[in-house]
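An overview of the molecular structure
Spelled out from the first residue to the last, the chains are:
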Amino acid sequence: MNKKYTFFIVDDDLLFVEALARILKGHGQAVFSGAARAESVPAIVERRPDCIILGSADSDARGLQFLSRLRDTDELNSAKIVTAFTHPSDQTLQEARAAGADGSIIRSPQDDTLIRYLSEIMEGLIRFTFWGVRGTLPVPGRRTARYGGNTPCVSLRLPGDILFVFDAGTGIKELSNYLASENRPVTHAAIFISHPHWDHIHGLPFFGPLYARGNSLDIFGPPNGSMSLRELIAGQMNGVYFPINIKEFNAKVSFLDLGEEQFDLNGAAVQTIFLNHPGRCLGYRLDWEETSFCYMTDHELYPPTSSLYNEGYVRRLEAFIADSDVLITDAAYLDEEYEGKMGWGHSSVSRAAELADRAGVKKLFLFHHDLDQTDDDIDAKLETARAVLEERGSSTVCIAPKEGETFTVQRKNSRE
């Protein structure tokens, strides 16, 4: 952790308290503890901790009542409250958040994983990682070694281990490997599919959490033609194309068809918009505690000189991404490449930079690189985008993310 905090652990399991205290103290944190819940309140108030960790049974109603009591205690208003579970269900986690928990941890995590998750909760950090940044086909090899060769997948974690995944290209296998290395159950995740072109779904059968009993995953995306999202995913996994089918998923998996709409999910406000791309393709915006994240890959921004240019469409996109903290967007082509590929459903890097500036985006991430581009070509696109932004006097920061690279954004209204 970057700062020193005071923690108060409330749990009847002394072995858990001792183990957790050892980990926290090993990272320079101050730790106090108490056993009986009701009797702990005066001691907790006296210590005025920065964070209260509540160990409880996974379905303990009294624990939730105690959590609510702590949250309603004026002297503890600024304290974070974290629940510690062994095998939490999705319902259990939702009930804890509704009662006032800022996040949850697993009772037997790896030391470094636990510290990272507590740090994210304490500091209000939103963490997102790029697992694949290429488009159309995976392109491994020396020419793509720096930025990586996997196709689209981005993970987003909110404080408290709420996991969102955007697209399921081959990069989702790298995410799956990472989650397995953490030795931490996923429990629940939401996967947002932009559209069912192969480079955005062909990694999904290799996502390990789909095969683990007890996990709950919601897969969102647009239907295409007469086929639902479930039918589209099942189609690529039938016996002709793949050796196993979706009936092999042991997790509880829900498929949810989306159009242009708005809804709440795990405390985040989700919006969608149709993009200019062959078939039905969605862009996503998540707003969480005044912090915004936009994922808008696979869309074409025609130049104003083109007969296909649609000012109304551009204005809708600008409104959708307006003032966002993060924009991950299609920047498939170098400017000199675009003219020969107009109408293919992808944008030039200059048009992506112009859109981000006009919408007041804080950080622009160039994404979905053409399969024939080398790492040096991506470097050139980054230089072009930054030059465009500088010429426009823009405050937008432009980044070309590499596969496996993680970034953070701090939420704006984090409790102090």
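Residues numbered from 1 in each chain as written. Predicted model: local features only at pLDDT ≥ 70, side-chain atom pairs only at ≥ 80, totals over all residues. Heavy atoms only, no water.

1. Notes on the overall build of the protein chain
- Tallying secondary structure elements over the protein chain gives 12 helices and 19 strands in all.
- Here the protein chain has a C-alpha radius of gyration of 23 Å; the compact-globule value for 416 residues is 22 Å, and the two agree.
- For the protein chain, the spread of C-alpha atoms along the three principal axes comes to 75 × 55 × 40 Å.
- Of all 416 residues assigned to the protein chain, the portion counted as buried reaches 58%.
- Across the protein chain, the fraction of contacts at a sequence separation of at least 24, relative to all contacts at a separation of at least 6, is 70%. (Helix = DSSP H or I, 4+ residues; strand = E, 2+ residues; numbered from the N terminus. Rg over C-alpha atoms; globule rule 2.2 N^0.38 Å. Buried < 20%, exposed > 50% of the residue type's maximum accessible area, 1.4 Å probe, protein only. Contact = heavy atoms within 4.5 Å.)

2. A short note on the packing of aromatic side chains
- Enumeration over the complete set of coordinates arrives at 22 aromatic pairs.
- Residues Phe-166 and Phe-192 carry aromatic rings whose centres are separated by 5.3 Å and whose planes lie at 25 degrees to one another, so their mutual orientation is stacked. One end of the pair, Phe-166, is in strand S8 (residues 162-166); the other, Phe-192, is in strand S9 (residues 188-192), with 26 residues separating them in the sequence.
- The ring of Tyr-117 has Arg-116 sitting right over it, with the charged end atom 5.1 Å from the ring centre.
- The aromatic ring of Tyr-147 is capped on one face by Lys-402, whose charged end is 4.8 Å from the ring centroid. (Phe/Tyr/Trp six-rings, centres within 6.5 Å; stacked < 30°, edge-to-face > 60°. Lys NZ or Arg CZ within 6 Å of the ring centre and 35° of its normal.)

3. Some details on the nonpolar core
- Counting residues in each nonpolar core, the largest one holds 31 residues, and the members touching the most others are Phe-128, Phe-130, Phe-164, Phe-166, Phe-192, Phe-293 and Ile-328.
- The element contributing the most residues to this core is strand S14 (residues 282-288), with 4 residues.
- When near neighbours in sequence (up to four residues on either side) are disregarded, Phe-128 contacts Ser-155, Leu-156, Phe-293, Val-326, Phe-365, Glu-405, Thr-406, Phe-407, Thr-408 and Val-409.
- By size, the runner-up hydrophobic cluster in this structure holds 30 residues, among which are Cys-294, Leu-327, Cys-398 and Ala-400. (Core = buried A, V, L, I, M, F, W, Y, C linked by side-chain atoms within 4.5 Å.)

4. Section: the pattern of salt bridges
- Tallied over the full model, the rule gives 15 salt bridges.
- Here Asp-375 and Arg-134 are joined by a salt bridge, their closest N and O atoms 3.0 Å apart. Of the two residues, Asp-375 sits in helix H12 (residues 375-391) while Arg-134 sits in the loop between strand S6 (125-132) and strand S7 (153-158), which places them 241 residues apart along the sequence.
- Arg-315 is the partner of Glu-318 in a salt bridge, and the nearest nitrogen-oxygen pair spans 3.1 Å. With a gap of 3 residues between them, Glu-318 and Arg-315 both fall in helix H9 (residues 311-321), about one helical turn apart.
- Taken together, the shared-partner salt bridges connect Glu-311, Arg-315, Glu-318 and Arg-358 into one network. (Salt bridge = Lys/Arg side-chain N within 4 Å of Asp/Glu carboxyl O.)

5. Digging into the environment of Thr-329
- Position of Thr-329 among the secondary structure elements: in strand S16 (residues 326-330).
- Thr-329 gets classed as buried once you look at its relative accessible area, which sits at 1%.
- Residues Thr-329 and Leu-64 lie 265 residues apart in sequence; the distance between their C-alpha atoms is 41 Å.
- Residues contacting Thr-329, with those up to four places away along its chain left out, are Met-296, His-299, Ala-352, Leu-364, Phe-365, Leu-366 and Phe-367.
- Of note is the side chain of Thr-329, whose polar atom sits 3.0 Å from the backbone oxygen of Met-296. (Polar contact = N/O pair within 3.5 Å; in protein donor to acceptor, adjacent residues only side chain to side chain.)

6. Considering the sheet that holds strand S15 (residues 291-296)
- Read from one edge of the open sheet, 7 strands run S12-S13-S14-S15-S16-S17-S18, paired in mixed fashion. Looking at the sheet topology across the chains shown, the edges are occupied by strand S12 (262-265) and strand S18 (397-399). The average undirected angle you get between the axes of adjacent strands in this sheet is 20 degrees.
- One ladder, built from 4 bridges, connects S12 with strand S13 (residues 268-274); its direction is antiparallel. Bridged to Leu-265 within S13 is Ala-268.
- Helix-sheet contacts for H9 involve S13, S14, S15 and S16, and the interaxial angle to S13 is about 170 degrees. (Pairing = 2+ DSSP bridges. Axes fitted to C-alpha atoms, helices over the stretch in contact; angles between N-to-C directions.)

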